[in-house]
Amino acid sequence: MRSEFDSELEARLVRYAEIDSQSDAASASQPSTDIQLDMSRLLVAELTEMGAQDVRLTDYGVVLASIPATAEGPVMGWCAHVDTAPQFNASGVKPVVHRGYNGGDITFADAPDLKLSPENSPYLSQKQGEDIITASGLTLLGGDDKAGVAIAMTAARHLLENPQIKHGTIRLAFTPDEEIGRGVDPRLPADFGVDFAYTFDGGKPGEIEFETFSADGAVVRVTGVSAHPGFAKDKMVNALHLVSKIVMTLPQVTMTPDTTEGTEGFIHVSEINGGSSAGEIVLIIRDFELEGLAAKGDLLRQICAAVAAGEPRAQITCEITPQYRNMRYWLEKDMTPVELVRAAVKDAGLDPVSVPIRGGTDGSRLTEMGVPCPNVFTGMQEIHGPLEWISVQDMARATQVAIALAQRAVT
């Protein structure tokens, strides 16, 4: 059954997804890519046109705006991120709307051998009759998190056009660089100016997340001894051999992303760079508990030290940097924002479900920085790859939750 929001949500997601806004972890600029600002400037224009107040693009790349209050209440924030993941091609996205999904295989015009079906995405089996949006097979869709942007924008437009709906001030924040862990600038909490907030960056309808991974990043650098290969006996120390030894000494059948689930953490080798004279390993370390996170970091250091001891002519360093922390550590002290969204989900006719998220959001950093910020579903599925899809009707359910949240906060 179509809602009053379906057409707008579909149009917004298609329009936003067509804009290339991929972030880049290798870039030191802020935002990491200029193309993200194409999305941000469009949102500034759309927010201004719809009558939002205090609309601005900060010098650190965040779009901020206000929906004026129609009743006394706390100041609530809605967040979503404009960047798309760097793990897969996100240039030239061509969104495709599959109306009235028939329950079978979905094929892709630009990748004839690719198919999306209930076999490789079981939740799709529940979407018969709904309108499904995918890309064309060569790119991700970018529903992560342009679906969240579309939901927040649609809900904001609805509140602005219906002042009879009682709600407090709503603040919007559309961030860059979430996918590379740099979405929350230290200046954002003060500029946001909210009592609490919600990221719209989750999956199935009804899901509310208030527990995330704690996360560290690690870089291992290996410097060997360079020599001409023809005259290298007893001289050369091949850095890539030591890089390989470190990687192969790490856990292989446990503690990796492909061998863990639920609340199990992991060490993930995400990049290897370099040559025979110098090499680099980039890793991410994840665990729900700080003790487990620290233990995994210690294990990595121990492996590096052992390999270094076996080849004293090489130099091996291991640098571990905090990224974000489990928002549960702060939210469990005051679950009011969580209980509020649970009630809003029920108001929208859904059953609230909370499971630990095997990842993080801008809400993880905001919560750590003093802005309680649980995560709310959007409907996005199979993200960061060519099978990514979303139901327009699921997006509409999230929009209804956002509006119910605004009303709940003043009752």
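Whatever comes next refers back to the structure up there.
Given the structure is predicted, the values throughout are model-derived calculations rather than measurements.

J.: Would you take a moment to explain the packing of aromatic side chains for this structure?
T.: Two measures describe an aromatic ring pair: the distance that separates the ring centres and the angle between the ring planes. Throughout the structure, instances matching the rule amount to six aromatic pairs. Judged by centre distance (5.9 Å) and plane angle (85°), the rings of Phe196 and Tyr198 are edge-to-face. Accessibility assignment for this pair places Phe196 and Tyr198 in one class, buried. On the basis of an interplanar angle of 80° and a centroid distance of 6.3 Å, the ring pair of Tyr329 and Trp330 is categorised as edge-to-face. According to the relative accessible area criterion, Tyr329 is buried, its value standing at 18%. Three or more aromatic residues link up through ring pairs in this structure, and these residues are Phe213, Phe266 and Phe288.

J.: Whenever I open this one, the nonpolar core confuses me. Can you help?
T.: Nonpolar side chains tend toward joint burial in soluble globular proteins. Formed by 58 residues in total, the largest nonpolar core has its most connected members in Leu47, Met76, Trp78, Leu172, Phe174 and Tyr198. Excluding anything up to four places from it in sequence, Tyr198 contacts Met76, Gly77, Trp78, Cys79, Pro337, Leu340, Val341, Cys373, Pro374, Val376 and Leu405. Val243, Val247, Leu293 and Ile316 belong to the second-largest nonpolar core, a separate cluster that totals 22 residues.

J.: What should I look at first to understand the side chain of Glu211 in this one?
T.: Locating Glu211 in the fold gives a position in the loop between β10 (208-209) and β11 (214-223). Under the relative-accessibility criterion, Glu211 is labelled buried at 16%. Leave out the neighbours within four places in its chain, and Glu211 touches Phe288, Asn326, Met327, Arg328, Val355, Pro356 and Ile357.

J.: I keep staring at the environment of Leu242 and nothing clicks. Help me out?
T.: Among the structural elements, Leu242 can be located in helix α5 (residues 239-249). Apart from the residues lying within four places of it in its own chain, the contact partners of Leu242 are Val222, Val237, Val307, Glu311 and Ala314.

J.: Help me understand the sheet that holds strand β4 (residues 96-98) in this model?
T.: In a beta sheet, neighbouring strands are held together by backbone hydrogen bonds and run either parallel or antiparallel to one another. Strand order in the open sheet made by the three strands is β4-β7-β16, with antiparallel pairing throughout. Edge strands, defined here as strands with exactly one partner in the open sheet, are β4 and β16 (389-391). Geometrically, the sheet is characterised by an average inter-axis angle of 25° between neighbouring strands, direction not taken into account. Inspection of the sheet shows β4 paired to strand β7 (residues 132-134) by three bridges, in the antiparallel sense. When the bridges of β7 are listed, His98 appears paired with Ile132. The sheet strands contacting helix α10 (residues 392-408) are β7 and β16, and the helix crosses β16 at an angle near 60°.

Rules used throughout
- Residues numbered from 1 in each chain as written.
- Predicted model: local features only at pLDDT ≥ 70, side-chain atom pairs only at ≥ 80, totals over all residues.
- Heavy atoms only, no water.
- Phe/Tyr/Trp six-rings, centres within 6.5 Å; stacked < 30°, edge-to-face > 60°.
- Buried < 20%, exposed > 50% of the residue type's maximum accessible area, 1.4 Å probe, protein only.
- Core = buried A, V, L, I, M, F, W, Y, C linked by side-chain atoms within 4.5 Å.
- Contact = heavy atoms within 4.5 Å.
- Helix = DSSP H or I, 4+ residues; strand = E, 2+ residues; numbered from the N terminus.
- Pairing = 2+ DSSP bridges.
- Axes fitted to C-alpha atoms, helices over the stretch in contact; angles between N-to-C directions.

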